[in-house]
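Next come the chains, spelled out residue by residue.
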Amino acid sequence: MTEPLKTMYNEQFLHNFGEKIRSVYSVFDTDAFVISAMSEPWDALELKARMRRITETLGSHLQLPYEEALAILFAIAEDCVGFPYLIFPDFVEVFGQGAEHWELSMQALERFTSKSSAEFAVRPFLIREPERMMAQMLVWSKHPDEHVRRLASEGCRPRLPWGQALPMFKLDPAPVLPVLEQLKTDSSLYVRKSVANNLNDIAKDHPEVVLETARRWIGTDPLTDWIVRHGCRSLIRKANPEIMALFGYAEQADEATPLITRASITIDPSILRIGESSELQYELQVCEGTPARVRIEYGIYFVKATGRTSRKSFLLSDKTVPGGTILSGKRTHRWADLTTRRHYPGEHQIVLLVNGREVANTVLNLEGVSK
């Protein structure tokens, strides 16, 4: 089993990090730093809590003015690359938010983001001074380093996973849009993915904004088209009619002229326990006529702890096919608990969806784990 990500912050890491500090600041007591950082309840701390503990412990053991402490981090930054060194931008977040430190903190975030990422650390600055910080993000969006350009987009995502929410941008994403406009043809896929994810965040609160942006952007550049497609993925999963039309998905003309003339979905076994797997089979036929773009998914109405159900969809196929085409396939689905989803016993409806419309269904009975 894969170890939790938090275990990267362990005694060996802390000792090595402390020795790096001591190599440029000889009075630093590595052993005392490690003991203090790992004091109880260390084992109970999750990833971000461990990171914050290290940051705060570093500050208390350096006992230096912010400017001098940053100079030490700058001196070892080239040897501190990778996800564990999110503690560098976190140090800026914790100790560098004073008005007198603004310029130095911006320089530090710009420098540290290429070694790990400052996407979390910029968010308190955005909340405190959104206009000033978004002006900085626009500057960063023109930076020659792709990591800094990505920070400009990733840092202002309204719903960044693991990050502090930005309620003002969930309410009004307008300040974010100039940054995305600047980056919409960025040569770096790393940056373009962030722009798409930012759009996808915005779509959850303001689908009309993303639809308008998609209409303006689509067809202007192949790189931008990729962003638009990925940025609209939540709207496509919800079968938003305007988005589906924009991307050319076939529509059902009327009830008398269905897009799909026949469809079926089966599951085997139809009774199983949590943790086991089942195999889905589906088949459908597209109506005769012109080629049609079809997005085929299966959806599961998962039973929740409350007894209610909530549907989650899983992509099977997305392509343009000639009229009259018969499409079929299989998919194994595991009913094991995940960190993002727990399973509960009960009747689960399984549906086959084409362009967001349910065209066939079946039922699976999920039983609890044997004791």
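That block above? That's the structure.
Keep in mind it's a predicted model, so treat the numbers as computed, not measured.

A. Broad picture of the overall build of the chain. Counting its secondary structure elements, the chain contains 16 helices and eight strands. Taken over the C-alpha atoms alone, the chain extends approximately 80 × 60 × 30 Å along its principal axes. Going through the 371 residues of the chain one by one, you find that 46% of them count as buried. Sequence-distant contacts in the chain: of pairs separated by 6 or more residues, those separated by 24 or more amount to 68%. For the chain, the computed accessible surface area is about 18100 Å², with 50% contributed by carbon and sulfur atoms.

B. Molecular detail of the packing of helix 4 (residues 66-76) against helix 6 (residues 102-112). Put simply, helix 4 and helix 6 touch, their axes get as near as 12 Å, and they point 15° apart. By the angle between their directions, the pair helix 4 and helix 6 is classed as roughly parallel. Our pair here, helix 4 against helix 6, has a crossing hand that is left-handed. Packed against helix 4, whose contacting residues are Tyr 66, Glu 67, Leu 70, Leu 73 and Phe 74, the element helix 6 presents Leu 104, Ser 105, Ala 108, Arg 111 and Phe 112 at the interface. Among the residues making up the contact of helix 4 with helix 6, the classes are represented as seven nonpolar, one polar and two charged.

C. Geometry of the packing of helix 5 (residues 87-95) against helix 6. Taken N-terminus to C-terminus, the directions of helix 5 and helix 6 make an angle of 165°; their axes are 9 Å apart at the nearest point. Considered as vectors, helix 5 and helix 6 are oriented roughly antiparallel to each other. Crossing of helix 5 over helix 6 shows left-handed handedness. Every residue of helix 6 that contacts helix 5 at Phe 88, Pro 89 and Val 92 is listed here: Ser 105, Ala 108, Leu 109 and Phe 112. Split into classes, the residues belonging to the contact of helix 5 with helix 6 amount to six nonpolar, one polar and no charged.

D. Representation of the sheet that holds strand 6 (residues 326-334) in the model. Strand order in the open sheet made by the three strands is 1-3-6, with antiparallel pairing throughout. Because the sheet does not close on itself, it has two edges, and the strands there are strand 1 (260-268) and strand 6. Here the strands of the sheet are splayed against their neighbours by 15° on average, with no regard to which way each runs. Sheet topology places strand 3 (residues 277-286) next to strand 6; nine bridges connect them, and they run antiparallel. By the bridge assignment for strand 6, Leu 284 is matched with Leu 327.

E. Region of interest: the environment of Glu 358. Within the element layout of this structure, Glu 358 appears in strand 8 (residues 357-367). Accessibility expressed as a relative area gives 41% for Glu 358, which makes it partly exposed. Considering only alpha carbons, one finds Glu 358 and Glu 129, 229 residues apart in sequence, at a separation of 46 Å. For Glu 358, the contacting residues outside a window of four places in its chain are Tyr 301, Arg 311, Val 351, Leu 352 and Leu 353.

F. Structural view of helix 14 (residues 222-231). Those residues of helix 14 that fall on the buried side of the exposure criterion are Thr 224, Ile 227, Val 228 and Gly 231. The arc that holds the buried residues of helix 14, viewed along the axis, is 100°, so those residues lie on one side. Turning to helix 14, the residues buried within the fold contact helix 11 (177-183), helix 12 (189-205), helix 13 (207-217) and helix 15 (233-237). Put simply, Asp 221 is the residue that caps the front of helix 14, since its side-chain oxygen is 2.7 Å from the backbone nitrogen of Leu 223.

G. Focus on the pattern of salt bridges. What the rule picks out here adds up to 25 salt bridges. Of the charged contacts in the structure, one is a salt bridge between Glu 19 and Arg 22, with a shortest N-O distance of 3.0 Å. With Glu 19 and Arg 22 both in helix 1 (residues 11-24) and three residues apart, this pair spans about one turn of that helix. For Glu 19, a relative accessible area of 28% puts it in the partly exposed group. Residue Arg 22 is classed as partly exposed on the basis of its relative accessible area, which comes to 38%. A salt bridge links Glu 129 to Arg 132; its shortest N-O distance comes to 3.8 Å. Several salt bridges share partner residues, and in doing so they unite Glu 119, Arg 150, Glu 154, Arg 157 and Asp 201 into one network.

H. Structural detail: the packing of aromatic side chains. As enumerated under the stated definition, the model contains 17 aromatic pairs in all. Seen from their ring centres, Phe 88 and Phe 112 are 5.2 Å apart, and the 85° between their planes marks the pair as edge-to-face. Of the two residues, Phe 88 sits in helix 5 while Phe 112 sits in helix 6, which places them 24 residues apart along the sequence. The burial state of Phe 88 is the same as that of Phe 112; both residues are buried. Between Trp 102 and Phe 125, the ring centres sit 6.0 Å apart and the planes meet at 75°, which makes this aromatic pair edge-to-face.

Conventions we followed
Residues numbered from 1 in each chain as written. Predicted model: local features only at pLDDT ≥ 70, side-chain atom pairs only at ≥ 80, totals over all residues. Heavy atoms only, no water. Helix = DSSP H or I, 4+ residues; strand = E, 2+ residues; numbered from the N terminus. Buried < 20%, exposed > 50% of the residue type's maximum accessible area, 1.4 Å probe, protein only. Contact = heavy atoms within 4.5 Å. Areas by Shrake-Rupley, 256 points an atom, 1.4 Å probe, with all protein chains shown as cover. Axes fitted to C-alpha atoms, helices over the stretch in contact; angles between N-to-C directions. Parallel < 35°, antiparallel > 145°, perpendicular 65-115°, else oblique. Left-handed = near helix turned anticlockwise from the far one by under 90°. Nonpolar A, V, L, I, M, F, W, Y, C, P; charged D, E, K, R; others polar. Pairing = 2+ DSSP bridges. Arc of directions from axis to C-beta. Polar contact = N/O pair within 3.5 Å; in protein donor to acceptor, adjacent residues only side chain to side chain. Salt bridge = Lys/Arg side-chain N within 4 Å of Asp/Glu carboxyl O. Phe/Tyr/Trp six-rings, centres within 6.5 Å; stacked < 30°, edge-to-face > 60°.

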